[in-house]
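# Close look at the chain arrangement
Each chain, letter by letter, is given below.
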Amino acid sequence: MRYNSVYSQLPEASKEGASIEAVLLEYDISGNAAKPLWQFLVNPQSLRFSREAKYTEISPLASQRSEVQYVATTGQTLSIPDLILQTWYCGKSLRPLIEGINLLLQADIKNKKYAPPILKFQWGTREFGPCVLTNIQWEESAWLGGEPASVKLGLELKEVPKAISRGEIEQQKTKAMETAKTTREKQGKPRLPLTDRQRADASTAAKKYLETNIKQWAADVQAAIRGNKYKLSTDANSGAVAMIGVGGKAVGTVLVWDGFTAKTGQSITTIPLVTGGKAP
């Protein structure tokens, strides 16, 4: 008996699949085209999957039932049994296929690869990976001059954690940087610490601001500006431009530079004012 409520939710699938060939690909995190490492001579007759949740058994004293504590869930294991490879009637040797699948169990020290390759099994829309080849079994039953020509082969692939691609790493970095920029902006700081050029631009803007609004400042500040007896110091992190008087004494904050524009006003500018003066 078929339950229509479940059946109606199943996705459509094409029945045309006889010409689709199964293959073991190199799992590539760089986004490049996947490289075939071993191609199946015949497609699998069956795919056997398994997965396991691991628990630690705890036996309280005198208890009739043990307790279990969850530890982890394993990745899937894919077993591909009984691949029947026959080339006796064609006069071909199966040795290259056997040697090729064996290479996927080994490290390639000459090329500085110190572990077997990470793989992906692909058969049409079916994909399994990233995974590693953990076991192979083969039984030879016919030969041509000592060369294997009839082989029954079995494979076992185990799923491994997905590696983060370079694109994903860059995306994470970009997202973290953008978050940091936004946080700095909310704090009233430049989105990024100012460069030397931006600090110079900030000093130029602060000097112009002081001179343009000179009548608003206290008498001693006006005298320092007219006599050019002050210095400007820009903090790269906060963007605040401070006015430094004679003897290195801090006069106050002139403005805050965000890298492009100046922020001024009563909540920012702390240069002493004349009586009734107002920071523009």
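Position numbers for residues count from 1 along each chain, tracking the sequence in the order it is written. Predicted model: local features are reported for residues with pLDDT of at least 70 only, side-chain atom pairs are reported and counted for 80 or more only, and whole-chain, interface and lining totals are derived from all residues. Working from all heavy atoms in the structure, the side-chain values ignore hydrogens and water.

### Re the pairing of strand β10 (residues 231–234)
Keep this limit in mind: Two strands pair under a simple rule: DSSP has to find at least two bridges between them. For helices the rule is a DSSP run of H or I covering at least 4 residues; for strands it is a run of E covering at least 2, with both sets numbered from the N terminus onward.
Sheet topology places β10 next to strand β11 (residues 240–244); four bridges connect them, and they run antiparallel. Of the residues in β11, the one forming a bridge with Ser-233 is Ala-242. Between β10 and β11, which follow one another and run antiparallel, lie five residues, and Gly-239 among them has a positive phi close to 80°.

### What to know about helix α4 (residues 196–212)
Going by this rule: For a helix, the expected span equals 1.5 Å multiplied by the residue count minus one. In this description, contact between two residues means that some pair of their heavy atoms is separated by no more than 4.5 Å.
Along its 17 residues, α4 runs 24 Å from first to last C-alpha, staying within 8% of the 24 Å computed at 1.5 Å per residue. In this structure, the buried side of α4 is in contact with α5 (219–226), β10, β11 and β12 (250–257).

### Focus on the nonpolar core
Just so we agree on the cut-off: Residues enter a nonpolar core if they are buried and are Ala, Val, Leu, Ile, Met, Phe, Trp, Tyr or Cys, with the set joined through side-chain atoms within 4.5 Å. Here's how the labels work: a residue is buried when its accessible area is under 20% of the maximum for its type, exposed when over 50%, partly exposed in between, all with a 1.4 Å probe on protein chains only.
In this structure, Leu-24, Phe-40, Phe-121, Leu-155 and Leu-157 are the most contacted members of the largest nonpolar core, which totals 22 residues. Listed by contribution, the elements that provide at least two residues to this core are β6 (77–86), α2 (95–103), β7 (119–123), β8 (126–144) and β9 (147–159). Leu-157 has contacts with Leu-24, Gln-76, Thr-77, Leu-78, Ile-80, Leu-119, Phe-121, Phe-128, Cys-131, Val-132 and Leu-133, leaving out every residue within four places of it along the chain. Counting 19 residues, the second-largest nonpolar core is a separate cluster that includes Ala-206, Trp-217, Val-221 and Met-243.

### With respect to unusual backbone geometry
Note that the residue after Gly-129, namely Pro-130, is joined by a cis bond; omega there is 0°. Inspection of the secondary structure assignment puts Pro-130 in strand β8. Not every positive phi belongs to a glycine, and Lys-112 is a case in point at roughly 60°. Turning to its location among the elements, Lys-112 is positioned in the loop between α2 and β7. Not every positive phi belongs to a glycine, and Asn-228 is a case in point at roughly 55°. Counting through the fold element by element, Asn-228 comes out in the loop between α5 and β10. Take Asn-228: its relative accessible area is 52%, and that puts it in the exposed class.

### Comments concerning the environment of Gln-106
By secondary structure assignment, the location of Gln-106 is in the loop between α2 and β7. Sequence separation of Gln-106 and Leu-133 is 27 residues, and the distance between their C-alpha atoms is 9.6 Å. Excluding residues that lie within four positions of it along the chain, Gln-106 makes contacts with Ala-115, Pro-116 and Pro-117.

### Topic: the sheet that holds β6
We apply this condition: Only the stretch in contact is used when fitting a helix axis, every axis being a line fitted to C-alpha atoms; angles between N-to-C directions are given from 0 to 180 degrees.
Read from one edge of the open sheet, seven strands run β2-β1-β7-β8-β9-β6-β3, paired in antiparallel fashion. Of all the strands in the sheet, just β2 (36–39) and β3 (48–50) have a single pairing partner and so form its edges. Between one strand and the next, the sheet's axes are offset by a mean angle of 30°, whatever the strand orientation. Sheet topology note: the strand β1 (residues 23–26)/β2 ladder contains three bridges and is antiparallel. What sits directly across from Val-23, in β2, is Gln-39.

### Side note on the layout of surface pockets
Heads up, the condition is: Buriedness for pockets is judged along seven lines, at least five of which must meet protein on both sides within 12 Å for an open set on the 1 Å grid over protein atoms alone, while cavities are sets there where a 1.4 Å probe fits but cannot get out, and lining residues have an atom within 4 Å of a point. Grid points are joined across faces, edges and corners, and a volume is the space filled by probe spheres set on the points. Gly is placed with the polar residues, together with every amino acid not listed as nonpolar (Ala, Val, Leu, Ile, Met, Phe, Trp, Tyr, Cys and Pro) or charged (Asp, Glu, Lys and Arg).
In this model, the largest pocket occupies a volume close to 560 Å³. Contributing to the lining of the largest pocket are 23 residues, with Glu-26, Leu-37, Lys-113, Pro-116 and Pro-117 lying nearest its centre. Considered class by class, the residues forming the lining of the largest pocket number 14 nonpolar, two polar and seven charged.

### Notes on a nonpolar patch on the surface
Using the following cut-off: Patch membership needs two things, relative accessible area over 30% and no salt bridge, and members are linked within 9 Å if like-charged or within 5 Å if nonpolar (Val, Leu, Ile, Met, Phe, Trp, Tyr). Only the protein chains shown count as covering a residue, and every accessible area follows the Shrake-Rupley method with a 1.4 Å probe. The rule for a salt bridge is simple: a side-chain nitrogen of Lys or Arg has to be within 4 Å of a carboxyl oxygen of Asp or Glu.
Residues Val-6, Tyr-7 and Leu-10 make up a contiguous nonpolar surface patch of roughly 310 Å² in combined accessible area. Positionally, Tyr-7 belongs in helix α1 (residues 4–7). Take Tyr-7: its relative accessible area is 44%, and that puts it in the partly exposed class.

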